[in-house]
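Chain residues, written in single-letter form:
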Amino acid sequence: MLLDNSEIETIAVQLVDVNESKMTAKTENNEMIQIKPSATAKHDKSFWQSMKDIAKAKIWLPVTKGTHQLLQYDWLSATPVI
């Protein structure tokens, strides 16, 4: 699930394993966490291909600190740029 709230505390992670039901990520402290996609994302082939490409490129992603959910925008954006 993608969230949009600039007041949510975030952490940076790198995806290390991506499959069609979950993603495993490594935090900056080398802690391994599970990221569960939303029901909509589970059936979105473009989403999964993007996540695999991001994992391959070793790009750092923002996730919520408590629930480990992907954010819709990066941690530097207050609002989406249109």
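The structure we're discussing is the one just above.
Predicted model only: the values in this text are computed from it and were never measured.

A. Examining the sheet that holds strand β1 (residues 10-18) more closely. Read across the sheet, four strands follow the order β3-β2-β1-β4 without closing on themselves; strand pairing throughout is antiparallel. The outermost strands of the open sheet, each flanked by one partner alone, are β3 (32-35) and β4 (60-64). Neighbour to neighbour, the strand axes of the sheet diverge by 50° on average, direction disregarded. Across four bridges, strand β2 (residues 23-27) lies against β3 in antiparallel orientation. Bridge pairing in β3 places A25 opposite I33. Along the sheet, helix α2 (residues 45-57) contacts β1, β2 and β4; its crossing angle with β1, the most-contacted strand, is approximately 100°.

B. Spatial organisation of the nonpolar core. L15, M23, I35, M51 and L70 are the most contacted members of the largest nonpolar core, which totals 16 residues. Listing elements by their share of this core, those giving two or more residues are β1, β2, β3, α2 and β4. Among all residues touching M51, those that are not within four sequence positions of it are L15, V18, M23 and L70.

C. Region of the structure containing the pattern of salt bridges. Under the criterion given, the structure shown has one salt bridge. K65 is the salt-bridge partner of E9, the closest N and O atoms lying 3.4 Å from each other. Placement of the pair is E9 in the segment before β1 and K65 in the segment after β4, with a sequence separation of 56 residues. On the accessibility criterion, E9 (52% relative accessible area) is exposed. A residue is classified by how much of its surface remains accessible, and K65, at 45% relative accessible area, is partly exposed.

Parameters at a glance
- Residues numbered from 1 in each chain as written.
- Predicted model: local features only at pLDDT ≥ 70, side-chain atom pairs only at ≥ 80, totals over all residues.
- Heavy atoms only, no water.
- Pairing = 2+ DSSP bridges.
- Helix = DSSP H or I, 4+ residues; strand = E, 2+ residues; numbered from the N terminus.
- Axes fitted to C-alpha atoms, helices over the stretch in contact; angles between N-to-C directions.
- Contact = heavy atoms within 4.5 Å.
- Core = buried A, V, L, I, M, F, W, Y, C linked by side-chain atoms within 4.5 Å.
- Buried < 20%, exposed > 50% of the residue type's maximum accessible area, 1.4 Å probe, protein only.
- Salt bridge = Lys/Arg side-chain N within 4 Å of Asp/Glu carboxyl O.

Treat this as a map of the structure, not an account of what it does.
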